[in-house]
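Structural characterization, general
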Amino acid sequence: MSLKVTAISELVGGNVVQGSEEVEVTGLASLNEAGAQDVSFLGNEKYYQDFLATKAGVVIVPAGLSDQPAGATLIEVENPSFAFGLVVKQMAEGQRSFKPGIHPAAYVDESAQLDASKVCVRAGAVIEAGAVIGDGTEIAAGVVIGEDCQIGRDCLLHANTTVRERCVIGDRVILQPGCVIGSDGYGFELVDGRHVKVDQVGIVVLEDDVEIGSNSCVDRARFGKTVIGEGTKIDNLVQIGHNVITGKHCLMVSQVGVAGSSKLGNYVVLAAKSGVTGHVEVADQVVIAGASGVTKSITEKGTYYGMPARPFRDEQKKLIAVERLPKLMKEFKQLKKQVEDLASDSE
Amino acid sequence: MSLKVTAISELVGGNVVQGSEEVEVTGLASLNEAGAQDVSFLGNEKYYQDFLATKAGVVIVPAGLSDQPAGATLIEVENPSFAFGLVVKQMAEGQRSFKPGIHPAAYVDESAQLDASKVCVRAGAVIEAGAVIGDGTEIAAGVVIGEDCQIGRDCLLHANTTVRERCVIGDRVILQPGCVIGSDGYGFELVDGRHVKVDQVGIVVLEDDVEIGSNSCVDRARFGKTVIGEGTKIDNLVQIGHNVITGKHCLMVSQVGVAGSSKLGNYVVLAAKSGVTGHVEVADQVVIAGASGVTKSITEKGTYYGMPARPFRDEQKKLIAVERLPKLMKEFKQLKKQVEDLASDSE
Amino acid sequence: MSLKVTAISELVGGNVVQGSEEVEVTGLASLNEAGAQDVSFLGNEKYYQDFLATKAGVVIVPAGLSDQPAGATLIEVENPSFAFGLVVKQMAEGQRSFKPGIHPAAYVDESAQLDASKVCVRAGAVIEAGAVIGDGTEIAAGVVIGEDCQIGRDCLLHANTTVRERCVIGDRVILQPGCVIGSDGYGFELVDGRHVKVDQVGIVVLEDDVEIGSNSCVDRARFGKTVIGEGTKIDNLVQIGHNVITGKHCLMVSQVGVAGSSKLGNYVVLAAKSGVTGHVEVADQVVIAGASGVTKSITEKGTYYGMPARPFRDEQKKLIAVERLPKLMKEFKQLKKQVEDLASDSE
C-alpha cells in the first residue's frame, strides 16, 4: 500500500511546506530508521537532531522549525504525534485485507452456521460441528473452532488459535496467534495415591471487545463459566485459570497468571509477570506492579507491590529499610562496642 | 445433552423432595449463576442465602433444610458435593464425543500404524510417517504427530498440539491445546564468538496418565530421554528443559519452569511460577511454594519457600524480620541517642 | 538410523580395544541408561562405576583404563566427550530428513515464490499470498506463513509455528514448534473509559542464525521493526515486546520477558524468568541472573541480580545482611537491655 503526500496532508489537515506533493511513501518509520519510502514525524524536541539527519521521504512536523533536512517533503500540522497516528491507522486499514469467503483448503462442518459471503475462513482453518460464526469475522489459517462454539461479529482470530468446544466469544474480539480458549482447568483429587481428573465441563465467555495475546491460555470453568469482561485486553503468555471472572476494561500484561476462581473488578491492571492466587477478589481500579503476587483479597483501589503484594508505600518503606541494612549492621557493631566500653568504664 | 430429574436422582441415589420429576436440565452452575436449565447444589452452609435466592431449575440438597426456594426441584442426598460431582462426570461423558474414524480432511501418512475403526483423527490433523497410534486415542484438529512417534491407547491430544519426531507417549495421556512435546533442548557452545547449536537427538517420554497443559513445552533430551513420570499433571505455560526426569504423580502448576537435567522425585509439587535450576535433584514429596526458586538439591521432604527456596519456617522467620525492619531502624536511632547521652553523662 | 563400530571408530579416529567391529548401534545414551543398541561414553572419572556396570553395546573410552565391563565393545580415543559429540552430530544429520517438495496436503498460494524442487513444505502447512521462501528451507506441518513474508535459505520452521504478514526472516533461522512471530504489540489508549487499540503496523525481523524456542512470542513493531539480532538464541515461552531491538549473539533463557522498545546490546544474557522493563537499554555483555528484573538502563557490562537488578556484589551484600537479620534482632534486644541496665546503674 502506498500513500501520496497529497493524501497524507489531506488526511491530517496539514500544509506541505517543503518538497513535492507527488511523492509517494509505502512505509512508516522513526526519524533515524526511515528511508526515502517512509513517512516519519517529529513529535518531540529531543529528536530534533534525528530530524535534521533523517533520510525519510516525508516528515510530519510542527510549525516554527528553524532548520530542515534538505531532501524531505515536510507537512506542517498542529500535533504531529496525533497526525502520525492517523497515518498509521490509514496504513493499518489498507493492510488488513478482509476477503469474505471460505477457502477451499479450509474445513467447515456442514452443520456450522455462517454466511460464507460475509465471513472469511482461510486455508487450513477447521470449524467443527454446530459452531456459529458472526458476520464480518475472519478465521485465519490453522485456527480450530470446536463444536458448538459461538463467535460474534467482526472478530479476528489469528493463525493457529484454538477455541475449544462450546465457548462463547462476543463481537469485535481479537485473538492473537496460538492462544487457547477453553482448555481444561487444572483440577485433580488425590485418590489412592493417584491424581484423578476433576471433570471440567464449563465454558469460557469472552465478552465484546476483548483481546487475548499470542500463546495465552484461558481455561474453561469446572462448571459454569470463566469470564473475561468487556473491553479487557490480555497480552502474550498470560494464564487465566478456571472460573476466573474479570471485570470490564482490565489490562493484563505479558506472563501474568491468575489462578482459579479469582475475581477481578473493573479497570484492574496486572503488570508484567505478576500473579493473583486462587479464590481471591481484587477491587476496581487496583494496579498490581510487575512481578508482584496477590495472595489475599484487595478491597481498596490503589497500587500494590511486592510478594505478597501490599500498598505501594508500605512496600517501598520496607525496601528502603532493606537497602540500608548493611549500613545498619556496621553501625550496630560500633554501638555494641561503645556500650561495652561504657559498661567496662562503669564497673 | 440433557438430564431428567429422574435420571439425576437415580444417579446420585437421592429423593425428590420438592418439584417435578419431569424437569430436564442441560447445564451445571453455582447457585447464584444458575437458571431454569441448570442443576446446582448446596454443598456448604455459607451458601444458604444463595440457595434461597437461586433460580436453578434443580438443586441437590442435604437433608434437614428449614426453608426452600419456591421454584426449584430439590433432590435430597447425604453428600451434595459428592453427588454433584457424579452429575458433572455424567455430563462430561455425554459431552465427549469419541467418534472413531479418520476425517477426510486429516492427513495420515500411509506408513503410520493405526486402526481407523478404533482411533479418531479429526480434520486438519497430520500424522507423519512411521507414527503409531493406540486404540481409543483421539487426535484433534490441527494436531501434528511427527515421524516415528508412538502414542498409546485412550489418549486425548487436543487441537493444535505438536509431538515432534520419535517421542513416546503412554496410555491415557491428555495433551491440552497448543502444547509442544519434543522441541529441541536449549544448548549451545560458544565457538569463535558464535553460539553453535548442540544437537538434540534424544526424545521425550510421557508415561501413562500424564496430562500436559495448554501451551506448555517439554524439550527432548540432548541424547537419551526427557521423562515425565506416570500420573504427573502439568498445568499451562510450563517449561520442562532437556533431560529432566520427573517422578510419578508430581504436580506442576502454571508458569513453572524446570531447567535441564534436573530430577524430581515422586509426589513433588511445584506451585505456580516457581522454578528449579538445572542439574539438581528434588526429593520425594517436596512442595515448592509459588514463585520460589530451587537453586540447589533438596534432599528432605517438606515445604520450601523463597528465592533461593529454603525450609518454610526459616524463610518465614526471615520475612517477619524484614517486616519489622523499619521499626528496628527507628528503635536503633533511639538507642544510639540513649548511648550517646550515657556516654556524655559518664565523661 | 544405525551406525557400525567401524564407522564410529573411523568418525572419531579411535581404536577398537575390546569387542567386535561388526556391532551396530541405533541410539545414544548415558552409561546407566544405555542398552545393547546404544553407544555411550566415559567422559569423566566420576562415572567410572556406571561404566563398569553399563549395558551399553559400545562405549567410547579414554586410554589407560584398568578394568572394563565384559559385554561392551570399547573404542579408545583421546577425548571421549568430544568424540561422542561427533557421533551425536552424525546421528542428528541422519535423523533430519530434508525431502524437497510441496506435500499435496499443504496449501501454497499461487503468488508465493519458492522453488518446489529445493524447498520442503509438509502436509497441513499454509503459505499465503506473496510470501517468499528461500532454498533449503523446511516448512513443517501446520505452519502458517502470512502474506508477503520473506523467509531466508536453509531455515527450519517446526510444526504449528506462525509467522504473521510481512515479517522478514534471515538464513539458517530455526523456529521451534508453536512460536509466534509478528503478533500485535500490546498498545492501547484509554478513550472515554475504553482501551482503544493502537494500530501495530510494523514488522519483525529475525536476522541470520536466530533460533526461537517453542511457544515463544515476538511482537511486531507499532511501526518500523522489532529486531532479533544475528545469532541470538531464544528459549521456550519467552516474550519479546514491540519495537524491541536485540544485539547479536544474545541468549534469552526460558520464560524471559522483554518489554516494548527496549534495546539489548551484543552478547547479552538474560537467565530464566528474568525480565527487562520497557524503554531501557542494556549494554553489551551484560548478564542478568535468573528471575531478576531490569528496571532502568544498564550501561556497564557485568552480572546483575535482583529485583530491581543491581550489580551482583551489591545485591549479594544485601542478601547476606537480610539473612543475618533475625540474629541482629536478637542481639539488638540484648543490647537494649544492656543499655537500660547501664542507664539505671548510672542514675
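Basis of the calculations
Residues numbered from 1 in each chain as written. Chains lettered and ligands numbered in written order. Predicted model: local features only at pLDDT ≥ 70, side-chain atom pairs only at ≥ 80, totals over all residues. Heavy atoms only, no water. UniProt positions renumbered as here; feature names shortened; annotations may be inferred. Phe/Tyr/Trp six-rings, centres within 6.5 Å; stacked < 30°, edge-to-face > 60°. Helix = DSSP H or I, 4+ residues; strand = E, 2+ residues; numbered from the N terminus. Buried < 20%, exposed > 50% of the residue type's maximum accessible area, 1.4 Å probe, protein only. Contact = heavy atoms within 4.5 Å. Buried area = accessible area lost by both parts, 1.4 Å probe. Salt bridge = Lys/Arg side-chain N within 4 Å of Asp/Glu carboxyl O. Polar contact = N/O pair within 3.5 Å; in protein donor to acceptor, adjacent residues only side chain to side chain. Nonpolar A, V, L, I, M, F, W, Y, C, P; charged D, E, K, R; others polar. Pairing = 2+ DSSP bridges.

The name that an unreviewed UniProt entry assigns to chain A is UDP-3-O-acylglucosamine N-acyltransferase, with the source organism given as Persicirhabdus sediminis. UniProt, in its Sequence similarities (unreviewed entry) section for chain A, records the words "Belongs to the transferase hexapeptide repeat family. LpxD subfamily." Here chain A is described in UniProt, under the heading Subunit (unreviewed entry), as follows: "Homotrimer."

Here we take up the packing of aromatic side chains. The tally for this structure, following the rule as stated, stands at 21 aromatic pairs over all chains. When the centroid spacing of 6.3 Å and the interplanar angle of 70° are considered together, the rings of Phe223(A) and Phe41(B) count as edge-to-face. Of this pair, Phe223(A) sits in the loop between strand S25 (217–219) and strand S26 (225–228) while Phe41(B) is found in strand S5 (residues 38–41), placing the two residues in two different chains. When its relative accessible area of 12% is taken as the criterion, Phe223(A) is described as buried. Classification of Phe41(B) by relative accessible area gives buried; the value is 18%.

Bringing the environment of Gly57(A) into the picture now. All names here are of chain A. Position of Gly57 among the secondary structure elements: in the loop between helix H2 (48–53) and strand S6 (58–61). For the pair Gly57 and Gly71, spaced 14 residues apart in sequence, the C-alpha to C-alpha distance is 7.2 Å. Ignoring anything within four residues of it in the chain, the contact list for Gly57 reads Gly35, Ala36, Asp38, Ala72 and Thr73.

We now examine the interface of chain B and chain A. Between chain B and chain A, the residue contacts involve 61 residues of the former and 57 residues of the latter. In total, chain B and chain A occlude about 4600 Å² of area from one another, counting both sides; carbon and sulfur atoms represent 62% of this. Counting the surface chain B buries against chain A, the share from its top three residues, Asn160(B), Met329(B) and Phe332(B), is 12%. Taken together, the links from chain B to chain A amount to nine salt bridges. The interface formed by chain B and chain A contains 31 residue pairs in polar contact (both at pLDDT 80 or more). Per element, the largest residue contribution to the side of chain B that touches chain A is twelve residues, and it comes from helix H5 (residues 325–346) of chain B. Across the side of chain B that touches chain A, the residue classes tally to 30 nonpolar, 18 polar and 13 charged.

Along a regular strand, successive side chains alternate from one face of the sheet to the other. Residues and elements named next belong to chain A. Taking every second residue as pointing to the same face, both faces of strand S23 (residues 203–206) are buried, with Ile203 and Val205 on one and Val204 and Leu206 on the other. In the sheet, strand S18 (residues 168–169) pairs with S23 via two bridges, with the strands oriented parallel. Bridging across to S23, Ile169 finds its partner in Leu206. In terms of strand pairing, S23 meets S26 through four bridges, oriented parallel. Considered in S26, the bridge of Leu206 is made with Ile228.

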